[in-house]
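A closer look at the structure
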Amino acid sequence: MREIGHWIDGKRVAGTSGRHGDVYNPATGEVQARVALASKAELDAAVASAAKAQAGWAATNPQRRARVMMALVGLINRDMDKMAEVLSSEHGKTFADAKGDIQRGLEVIEFCIGAPHLLKGDFTNSAGPGIDLYSMRQPLGVVAGITPFNFPAMIPLWKMGPALACGNAMILKPSERDPTVPIMLAELCQEAGLPDGVLQVVNGDKEAVDAILDNEEIQAVGFVGSTPIAHYIYSRASANGKRAQCFGGAKNHMIIMPDADLDQAADALVGAGYGAAGERCMAISVAVPVGEKTADALRERLVPKVEKLKVGPWTAGDDVDYGPVVTRLARDTILQYVESGIAQGAELVVDGRDFKLQGYENGFYVGPHLFDRVTPEMDIYRKEIFGPVLSMVRAASYEEALGLAMNHEYGNGTSIFTRDGDAARDFANRVNVGMVGINFPIPVPLAYHTFGGWKKSGFGDLNQHGPDAFRFYTRTKTVTARWPSGIKEGAAFNFKAMD
Ligand code: NAD
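Think of each chain on its own: its residues are numbered from 1, step by step along the sequence as written. Where local features are concerned, this predicted model is filtered to residues with pLDDT of at least 70; where side-chain atom pairs are given and counted, the filter is 80 or more; whole-chain, interface and lining totals use all residues. No hydrogens and no water enter the side-chain calculation; it runs on all heavy atoms of the structure.

A word on the overall build of the protein. A run of DSSP states H or I qualifies as a helix once it reaches four residues; a run of E qualifies as a strand once it reaches two. Both are numbered from the N-terminal end. The helix and strand inventory of the protein stands at 16 helices and 23 strands. Once the C-alpha set of the protein is aligned to its principal axes, its extents read approximately 85 × 60 × 40 Å. The buried label goes to any residue with under 20% of its type's maximum accessible area, the exposed label to any with over 50%, and the partly exposed label to all in between, with areas taken from a 1.4 Å probe on protein chains only. Relative to its 499 residues, the protein shows a buried fraction of 56%. Within the protein, contacts between residues separated by at least 24 positions form 73% of all contacts whose residues are at least 6 apart in sequence. When the accessible surface of the protein is totalled, it reaches about 20,700 Å², and 52% of it is carbon and sulfur. Measuring between centres, the 51 positive side-chain charges of the protein sit 6 Å from its 59 negative side-chain charges. It only takes one pair of heavy atoms within 4.5 Å for two residues to be counted as in contact. Per-residue and other accessible areas follow the Shrake-Rupley method at a 1.4 Å probe size, with only the shown protein chains counted as cover for residues. Within this scheme the basic residues Lys and Arg register as positive and the acidic residues Asp and Glu register as negative, but His and the chain ends are omitted. Lys charges are placed at NZ, Arg charges at CZ, Asp charges at CG and Glu charges at CD.

Attention shifts here to the packing of aromatic side chains. For any pair of aromatic rings, the description consists of the separation of the ring centres together with the inter-plane angle of the planes. Any two rings among Phe, Tyr and Trp, with Trp reduced to its six-membered ring, count as a pair given centres within 6.5 Å; such a pair is stacked if its planes are under 30 degrees apart, edge-to-face if over 60, and tilted if neither. As enumerated under the stated definition, the model contains 10 aromatic pairs in all. Ring geometry for Phe123 against Tyr134: centres 6.4 Å apart, planes inclined by 25 degrees, an arrangement best described as stacked. Residue Phe123 is found in strand β6 (residues 122–128), and its partner Tyr134 is found in strand β7 (residues 131–139); the two are separated by 11 residues along the sequence. The rings of Phe355, Tyr360 and Tyr365 are connected pair by pair, giving a single aromatic cluster.

Inspection of the region around the ligand gives 26 residues, with Thr147, Lys173, Glu176, Ser226 and Glu384 positioned closest. A distance of 2.6 Å separates an oxygen atom of the ligand from a polar atom in the side chain of Ser226. The protein chains hide 88% of the 840 Å² of surface that the ligand would expose on its own. Elements that contribute at least two residues to the shell around the ligand include exactly α8 (206–214) and β11 (218–224). Three categories are distinguished: nonpolar for Ala, Val, Leu, Ile, Met, Phe, Trp, Tyr, Cys and Pro, charged for Asp, Glu, Lys and Arg, and polar for the others, with Gly belonging to the last. In terms of residue class, the shell around the ligand is made up of 13 nonpolar, nine polar and four charged. The two domains that each donate at least three residues to the shell around the ligand are domain 1 (2–248 + 457–481) and domain 2 (252–438). The criterion for a residue being near a molecule or strand is simple. One of its heavy atoms has to lie within 4 Å of it. Definition of a polar contact: a pair of N or O atoms within 3.5 Å, with one able to donate and the other able to accept a hydrogen when the atoms are protein atoms, and with sequence-neighbouring residues admitted only if both atoms are side-chain atoms. Domain delimitation in this document rests on an assignment produced automatically or drawn from a domain database.

Turning next to the domain arrangement of the protein. When the domains of the protein are assigned, the result is domain 1 (2–248 + 457–481) and domain 2 (252–438). Measuring from the centre of the C-alpha atoms in domain 1 to the corresponding centre in domain 2 gives 31 Å. Each partner contributes residues to the interface: domain 1 has 20 residues there, and domain 2 has 24 residues. Summed over both partners, the accessible surface that disappears when two parts come together, traced with a 1.4 Å probe, is what is meant by buried area. Carbon and sulfur atoms make up 64% of the surface buried where domain 1 meets domain 2, a total of about 1,900 Å² over both sides. The salt bridge definition used is simple: a Lys or Arg side-chain nitrogen within 4 Å of an Asp or Glu carboxyl oxygen. The interface formed by domain 1 and domain 2 includes one salt bridge. Taken together, the links from domain 1 to domain 2 amount to six residue pairs in polar contact (both at pLDDT 80 or more). When residues in the side of domain 1 that touches domain 2 are grouped by element, the largest group, four residues, is from helix α3 (residues 80–91). Tallied by class, the residues present in the side of domain 1 that touches domain 2 amount to six nonpolar, 10 polar and four charged.

Strands in a sheet are paired, the pairing made by backbone hydrogen bonds, and the direction either parallel or antiparallel. The strand order β6-β7-β23 describes an open sheet built from three strands, whose pairing is antiparallel. Every interior strand has two partners, whereas the edge strands, β6 and β23 (474–482), have only one. Each strand axis lies, on average, 20 degrees off the axis of its neighbour in the sheet, ignoring direction. A pair of strands is considered paired only if DSSP assigns at least 2 bridges between the two. Alignment of β6 against β7, held across four bridges, turns out to be antiparallel. Its bridge partner being in β7, Asp122 is matched across the sheet by Ser135. For helices, the axis comes from a line fit to the C-alpha atoms of the stretch in contact; other axes are also lines fit to C-alpha atoms, and the angle between any two N-to-C directions lies between 0 and 180 degrees.

In this section: helix α7 (residues 180–192). Residue count minus one, scaled by 1.5 Å, sets the expected span of a helix. In this model, α7 (13 residues) spans 19 Å end to end at C-alpha, consistent with the 18 Å of a helix rising 1.5 Å per residue. In terms of residue burial, α7 counts as a mostly covered element, since 10 of its 13 residues are buried. Among the residues of α7, Thr180, Val181, Pro182, Ile183, Met184, Leu185, Ala186, Leu188, Cys189 and Ala192 are the ones counted as buried. Phi turns positive, to about 115 degrees, at Gly193, one or two residues after α7.

A separate point is the pattern of salt bridges. Taken as a whole and judged by the stated rule, the model has 34 salt bridges. The shortest N-O distance in the salt bridge between Asp261 and Arg419 comes to 3.9 Å. Taken together, the residues span a long stretch of sequence, with Asp261 in the loop between β13 (252–256) and α10 (262–274) and Arg419 in the loop between β19 (413–417) and α15 (421–430) at a distance of 158 residues. The salt bridge partner of Lys305 is Asp267, with a shortest N-O separation of 3.0 Å. Note that Lys305 is positioned in helix α11 (residues 292–307) and Asp267 in helix α10, a separation of 38 residues in sequence.

Below, the discussion takes up the packing of helix α2 (residues 62–78) against α7. Packed helices, taken two at a time, are described by their axes: the angle between them and the distance between them. At their nearest, the axes of α2 and α7 sit 8 Å apart, and the two run at 130 degrees to each other. In terms of their interaxial angle, α2 and α7 are classed as oblique. The element α2 and its partner α7 pack so that their crossing is right-handed. Here Val68, Ala71, Leu72, Leu75, Ile76 and Arg78 of α2 come into contact with α7, specifically with Leu185, Leu188, Cys189, Glu191 and Ala192. We call two directions roughly parallel when the angle between them is under 35 degrees, roughly antiparallel when it is over 145, roughly perpendicular when it lies between 65 and 115, and oblique otherwise. By the definition used in this description, the sense in which the near helix is turned from the far one sets the handedness, with an anticlockwise turn below a right angle giving left-handed and a clockwise turn giving right-handed.

In the Ramachandran plot, Arg373 falls in the positive-phi region, its phi being about 55 degrees despite a non-glycine side chain. Here Arg373 shows up in the loop between β16 (369–372) and α13 (379–382). Looking at Arg373, the relative accessible area reads 40%, which means it is partly exposed. One non-glycine residue, Lys455, lies in positive phi territory at about 55 degrees. Relative to the helices and strands, Lys455 resides in strand β21 (residues 454–455).

Now the structure itself:
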């Protein structure tokens, strides 16, 4: 059995805790590797060593740090296919989607090449007689990233790129379900010139996470995962005086106005609802057609497209629209939600419960499901299902549709399909959701803007990537300097304004 350990001080090392987790191949249902689960002692040792390495890295000028990012871009491109294969085999997503996962992370590394510019401070010349004021952005020290299973390349890269470019050392604790790609990325960082110890990949579960939250050397925690864990991590990290940004789950609504291009909207819904088996925090899981006529016409277009979706292993290449979900437990949970939807009175229009794939009977596949006439009290509407299940909630008016998105506890992403600029503008202005698409189903912002949800989808102040990441991973120091010319004036006892 393949053993996956940790990446410490520039080397792959075996775990010493004696605890392991199984890493599956979701396409076949087989255990393909064992991942070491770190103890508190292992985590603390990794942090101590990172703290030593951080001082030299922080003293390396930003341009040289940016050159490491530049080299990393080339290396990730070189190894893209190799990493995508591993990613698909541990996560289950299609090969094309695995490449997309790496690509969207790579774009943040490209953005981080601009670190020298992004780290520039402010300067006020002659704020008073002989007085200059300047502020600088300094790295925090050792920071930690705790990441989810569903983007095992993208989210680790979103964390490590800005943190390292700012001069921090990082402890990355990836998901224990698909831990191989993060270690491959760490190896590429070393090849790109990152000094050993500046990036430590520590695999683990709650024990390692709790050790991160309580370690006094760690200054900041960036988390992405489900909402209950995001809230827990935010509370404990901030109670321990750490800076924390914790991104959680989602229930993303797409509003379809009566004037929308319904063919376009139906295509968008199928891609955004079922792509990656619905295991995306920006997946659309609720379609809200406005008016009965819109709903009927949309349903008519959706049903054949959903029925035709091809589900299979990533090795089947372009013949597959989406792959298995990540674990047997995830599959069972999704199917329980489907049963609850039926029991609570929703209409199951496309039923994927009997889906079986010959030759892959033990894989974690879930057929596509489409519900109509879902109402806000139902569990399939209130909870994040994180599977290939799309719910249609019929709204009588635009205001009712907007109200649904506004009143849901999650606020990650949302989208409106319309030909009316006024409605689109009103929606973008009023909706209390962090990322909005207009005739665009999955509005994940590009690397130079920032990514983050509102309400229960995000805890903390600043977003991921873009300029916010450079604020999150640095603290500001402001210097007031006086270089008086001429004779000393003696002590001043008042708290002087700059005159
Ligand atoms: P998860 O919350 O189960 O795990 C995330 C991380 O937390 C993992 O590293 C895991 O080891 C750790 N963890 C799990 N249980 C823990 C516990 N009890 N104590 C301490 N640490 C714990 O999430 P997941 O299943 O890996 O990922 C899917 C979730 O992530 C979905 O809810 C999805 O919406 C969300 N997500 C959100 C975003 C976003 O940007 N908002 C992006 C991607 C995924």
